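If you want the building blocks of each chain, they are given just below.
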Amino acid sequence: MTTVLEPPAASPLAGIRSLELEITGKCQLTCTHCLSESGPRASHGTMTPADWRAVITDAAALGIRTIQLIGGEPTVHPYWREFTKLGLSLGLHVEIYSNLFHVAPDWWDVFTREGVTLGTSYYSDDPAEHDKITGREGSYVRTRCHIREAINRGVAVRAGIVDILPGQRVAEARAELESMGVKHINTDRVRAVGRAALPGAEPTLDEMCGRCTRGRAAILPNGDLAGCVLSRDFPAGNVRETPLAELFHGTAWAELSASVPAPRAFGCTPADSNDCDPANTEACDPAY
């Protein structure tokens, strides 16, 4: 039986509800704005399956409610289904953030399990524009097809739209997602991280949305703890060297949390499930 460790009310851990697990850098796509510069030639990183299992187990013991498997493309990792099932067995909600470019028939048995939701990125209702951003011809058709299949099977789907190109059909993409039955849609501007960063530019926390360390944290493929996957250039220790609980209660995490600029006053409210109104706010849950 897993013993749940209750964090002290004053601890930075007390507010962590979701842990993003970037289990791989590999991806079938080469999106122009990718935060991790993932692609077909990237690797799964230095975290072993045992390392990821330990992180998932520790997250549940620490009272974190949700883990998100992200990449890269998480479904190209050979153990993603095992990680999902482990999280579910520990009472966690598991979101699989996939580009939905490829979905094997037997994956639906995992996607439709209670406690599992899907997240994905969507860029336009114009196939050519969508594929230009992803760098892969046919990605629009495949992603759209699998979103529809997920909705038809009763899978909860959350979509993120990143505004990248001048005149990009963001509003039309949102309308198309809504017409397919997607209920939770976030819209965000492109942020200067990964491939979207200017050559030679120094990373800065001012580029973040202000939610890093506030309700969320991330583990990167090398084991680094970050405030979220976007703030990857500001690690607060490494889970391969120090247990997760110690990192969250450590000085580096406290200093990182204190250095993240606060969200703008018009940001998302707690009641809207981190689902921003794109007409008025930047996304408080950036999706890349």
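Computed from a predicted structure; not experimentally measured.

1. Some points on the overall build of the protein
Counting its regular elements, the protein contains eight helices and eight strands. For the protein, with 288 residues in total, the buried portion stands at 51%. Here the analysis covers contacts within the protein between residues at least 6 apart in sequence; of these, 70% occur between residues at least 24 apart. As displayed, the protein has an accessible area near 12700 Å², and 51% of this comes from carbon and sulfur atoms.

2. Considerations on the nonpolar core
Judged by nonpolar contacts, the single largest core of 63 residues is most densely connected at Leu 19, Leu 21, Phe 111, Leu 177, Ile 219, Leu 225 and Phe 248. With five residues, the top contributor of residues to this core is helix α1 (residues 49–61). Residues contacting Leu 225, with those up to four places away along its chain left out, are Ala 217, Ala 218, Ile 219, Phe 234, Pro 235, Ala 236, Gly 237, Leu 244, Leu 247, Phe 248 and Trp 253. Counting residues in each nonpolar core, the second largest holds nine residues, with Cys 27, Leu 29, Cys 34 and Val 162 among its members.

3. As for helix α6 (residues 170–180)
When α6 is considered as a whole, its buried residues turn out to be Val 170, Ala 173, Arg 174, Glu 176, Leu 177 and Met 180. The arc that holds every buried residue of α6, seen down its axis, measures 160°, which confines them to one face. Away from the buried face of α6 by more than 90 degrees, exposed residues Ala 171 and Ser 179 are located. Tucked into the core, α6 has its buried residues touching α5 (139–152), β5 (157–163) and β6 (184–189).

4. With respect to unusual backbone geometry
For the bond running from Gly 71 to Gly 72, omega is 20°, close enough to zero to count as cis. Looking at the element boundaries, Gly 72 is found in the loop between β2 (66–70) and α2 (80–89). Despite not being glycine, Leu 100 has its phi angle at roughly 55°, a positive value. Within the element layout of this structure, Leu 100 appears in the loop between β3 (93–97) and α3 (108–111). For Leu 100, a relative accessible area of 0% gives the class buried. Of note, Thr 213 is a non-glycine position whose phi angle comes to about 75°, a positive value. By the element assignment, Thr 213 lies in the loop between β6 and β7 (216–219). Using a relative accessible area of 5% as the deciding quantity, one classes Thr 213 as buried.

5. Here we look at the packing of α5 against α6
Orientation of α5 relative to α6, taken along the N-to-C sense of each, is 35°, at an axis distance of 10 Å. Residues Tyr 140, Arg 144, Ile 147, Arg 148 and Ile 151 of α5 touch α6, and the partners they reach there are Glu 176, Leu 177 and Met 180. When the residues that make up the contact of α5 with α6 are grouped by side-chain class, the tally is five nonpolar, no polar and three charged.

6. So, the packing of α1 against α2
Packing of α1 against α2 brings their axes to within 10 Å, and their N-to-C directions diverge by 20°. Taken together, the axes of α1 and α2 lie roughly parallel to each other. The crossing of α1 and α2 is right-handed. Along its contact with α1, which presents Pro 49, Trp 52, Arg 53, Ile 56 and Thr 57, the element α2 presents Glu 82, Phe 83, Leu 86 and Gly 87. Across the contact of α1 with α2, the residue classes break down as five nonpolar, two polar and two charged.

Reading guide: rules and limits
Residues numbered from 1 in each chain as written. Predicted model: local features only at pLDDT ≥ 70, side-chain atom pairs only at ≥ 80, totals over all residues. Heavy atoms only, no water. Helix = DSSP H or I, 4+ residues; strand = E, 2+ residues; numbered from the N terminus. Buried < 20%, exposed > 50% of the residue type's maximum accessible area, 1.4 Å probe, protein only. Contact = heavy atoms within 4.5 Å. Areas by Shrake-Rupley, 256 points an atom, 1.4 Å probe, with all protein chains shown as cover. Core = buried A, V, L, I, M, F, W, Y, C linked by side-chain atoms within 4.5 Å. Arc of directions from axis to C-beta. Axes fitted to C-alpha atoms, helices over the stretch in contact; angles between N-to-C directions. Nonpolar A, V, L, I, M, F, W, Y, C, P; charged D, E, K, R; others polar. Parallel < 35°, antiparallel > 145°, perpendicular 65-115°, else oblique. Left-handed = near helix turned anticlockwise from the far one by under 90°.

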